[in-house]
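# Descriptive structure summary
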Amino acid sequence: MNLINSKIPNKRPFNLDEIRSDFPILQRLVNGKPLVYLDNAATTQKPDFVIEAIKHYYDFENANIHRGLHFLSEVATEAYETARLKVKEFLNALSASEIIFVRGTTEAINLIASTMEKAKMLKPNDEVIITNMEHHANIVPWQLICGEKGIKLRVIPINDDGELILDNFEDMFNEKTKLVSVVHISNSLGTINPVEKIISISHKYNVPVLLDGAQAVSHQNVDVQKLDCDFYTFSGHKLYGPTGIGVLYGKTKFLDSLPPYQGGGDMIRTVTFDKTTFNDLPHKFEAGTPHISGAIALAIAVNYLNAFDLNDIIQHENKLLKYATKELLKIDGLRIIGTAKDKAPVISFTIDGVHPYDVGTLLNNDGIAIRTGHHCTQPIMDRFKIPATARVSMAFYNTIYEIDILINSLRKTISILK
Ligand code: PLP
């Protein structure tokens, strides 16, 4: 059986009860209360199709890929490469060889930083343009390369609503600018960035653009050809797929010009003790045994999502965002951090006189999972002069009823803490 074409129906209506019943974990109790899972920007829950795909793979198809002539190896190889094709279609890449399976967004960005340095496409004192709202995964990898001198990060500022200020963007380019690397949707603020504009300006200066799509792929259509971005990254676990698998998309001309990231099996064509020649794309970047079941289950997650009309998902998530924003703002002393016009269903907030950690702890007593802290975006906290926020991040399986539970519990929490 080809797992990629498994039991998922081609088209499904947007029925919330049915959708919720696809996710076994949503049926469980936490602290004696029904789980209200509102930490989807950290990781999403998995539908049983994805969970079953992993079991099915190990029950019936497990073998190493690309190496064996035996039946199971051929089946596993076909399933893995079909998964790549599925992701190619999902991102509308030109070719499946532009899809590299990695561990996640973090590894994808490290791969680009490290290989650009090796190829001397990034040298000490060169410049990379990022934004004030990057996840640490799009800050630290650039700081780790090019030795002591390092490279210079030029940072696009943000306004009080958490939107990029692009007025002086063109002035940031000079002969040392080698890459623009920006987050598509902010995990802390929810801001959807005007990436089309950023890409077209960067290309005017012949500078390639990497988009960190970790938060974007689950909330909107991503078409890498239409965007014309040069690299795109995302993590499977934020797209209802498993942890440990992610994707780096790159235009062929850039991937071809970069050297391998790691050495080992599968990424070579010939090896002698004097010299090694490297395999073609995408295998050049996939040294060693990959996360085979992860790639297959990620493709199942993509299939699962594709069965719905994306407009229904977006509409429902917008409804949740609007309702939660309205209800949260009724709470005295609550301030939303991130009020961009164009937002994904992520709401960070602070409450006067109450520490976010205490809010998170007490909500947990009611079975409600939210995130508190800096969300791996410390420069955003500095920008807004706050140590931390509480963050509610929603997915298409969340309900208005769950938002009501959150608001009631939050009111109770505040009355205890104040
Ligand atoms: N970029 C953004 C915007 C994120 O939200 C995250 C995770 O929260 C990452 C990068 C890192 O993703 P991962 O930990 O899956 O590599």
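Let us look at the structure shown here.

How each quantity is defined
- The residue numbering used here restarts from 1 in each chain and proceeds along that chain's sequence as written.
- Local features are withheld for residues below a pLDDT of 70 in this predicted model, meaning they are given only at 70 or higher, and side-chain atom pairs are given and counted only at 80 or more; totals for whole chains, interfaces and linings count all residues.
- The basis for every side-chain value is the complete set of heavy atoms in the structure, and neither hydrogens nor water enter the calculation.
- A run of DSSP states H or I qualifies as a helix once it reaches four residues; a run of E qualifies as a strand once it reaches two. Both are numbered from the N-terminal end.
- Put simply, buried Ala, Val, Leu, Ile, Met, Phe, Trp, Tyr and Cys residues joined by side-chain atoms within 4.5 Å make one nonpolar core.
- Only protein chains enter the calculation, and the probe is 1.4 Å; a residue is then buried if its accessible area is under 20% of its type maximum, exposed if over 50%, and partly exposed in between.
- The split of the chain into domains comes from an automatic or database domain assignment.
- Basic side-chain nitrogens of Lys or Arg form a salt bridge, by our definition, when they fall within 4 Å of a carboxyl oxygen of Asp or Glu.
- Only the contacting stretch of a helix is used when fitting its axis, a line to C-alpha atoms as for every element, and angles between N-to-C directions run 0 to 180 degrees.
- Left-handed is the label given to a crossing in which the near helix is rotated counterclockwise from the far helix by less than a right angle, and right-handed is the label when the rotation is clockwise.
- Any two residues having at least one pair of non-hydrogen atoms within 4.5 Å are treated as being in contact.
- Residue polarity is assigned by list, with Asp, Glu, Lys and Arg as charged and Ala, Val, Leu, Ile, Met, Phe, Trp, Tyr, Cys and Pro as nonpolar; anything else, Gly included, falls into the polar class.
- We define proximity as follows: a residue is near a molecule or strand when any one of its heavy atoms falls within 4 Å of that partner.
- N or O atoms within 3.5 Å of each other form a polar contact, as long as, within protein, one can give a hydrogen and the other can take it, and as long as residues adjacent in sequence are counted only when both atoms are side-chain atoms.
- Using the Shrake-Rupley algorithm and a 1.4 Å probe, accessible areas are obtained, with residue cover drawn only from the displayed protein chains.

## Topic: unusual backbone geometry
The omega torsion of the bond from L281 to P282 falls at 0°, within 30 degrees of zero and hence cis. In this structure, P282 sits in the loop between β12 (276-278) and α9 (292-306). Positive phi outside glycine occurs at N31, with the angle close to 55°. In this structure, C146 is a non-glycine residue whose phi angle is positive, near 65°.

## Some points on the nonpolar core
Within the largest apolar cluster, 81 residues are counted, with the highest numbers of intra-cluster contacts made by L91, F169, Y232 and F396. Examining the composition of this core, we find that 11 residues originate from one element, α9, more than from any other. Each of domain 1 (3-46 + 309-417) and domain 2 (55-306) contributes no fewer than three residues to this core. Within the second largest apolar cluster, 26 residues are counted, among which are L321, A324, I336 and I351.

## Examining the pattern of salt bridges
Summed over all chains, the structure comprises 22 salt bridges. E402 serves as the salt-bridge partner of R20, at 3.2 Å between the closest nitrogen and oxygen. On the criterion of sequence distance, the pair formed by R20 in helix α1 (residues 16-21) and E402 in helix α13 (residues 400-417) is long-range, its members being 382 residues apart. Like E402, R20 is buried. A salt bridge links R383 to D160, with the shortest nitrogen-to-oxygen separation between them at 2.8 Å. You can see R383 sitting in helix α12 (residues 378-384) and its partner D160 sitting in the loop between β6 (152-156) and β7 (177-183), a full 223 residues away along the chain. Take D160: its relative accessible area is 60%, and that puts it in the exposed class. Residues joined by salt bridges that share partners form a network here, namely K33, D366 and K412.

## Here's the deal with the packing of helix α2 (residues 48-61) against α9
Contact geometry of α2 with α9 gives a least axis separation of 9 Å together with a crossing angle of 145°. For the pair α2 and α9, the crossing hand works out as right-handed. Contact with α2, carried on its side by F49, V50, A53, I54, Y57 and Y58, involves I292, S293, I296, A297, I300, A301 and Y304 of α9 and no other residues of that element. In the contact of α2 with α9, the residues fall into 12 nonpolar, one polar and no charged.

## A word on the site of the ligand
All residues in the neighbourhood of the ligand are listed as T105, T106, H135, A137, V183, N187, D212, A214, Q215, S235, H237 and K238. T105 has a polar backbone atom sitting 3.4 Å from an oxygen atom of the ligand. Between H135 and the ligand, the recorded distance is 3.4 Å, taken from a side-chain N or O atom to an oxygen atom. Burial of the ligand by the protein amounts to 85% of the accessible area it has alone, namely 390 Å². Tallied by class, the residues present in the shell around the ligand amount to three nonpolar, seven polar and two charged.

Keep in mind these numbers describe shape, not what the thing actually does.
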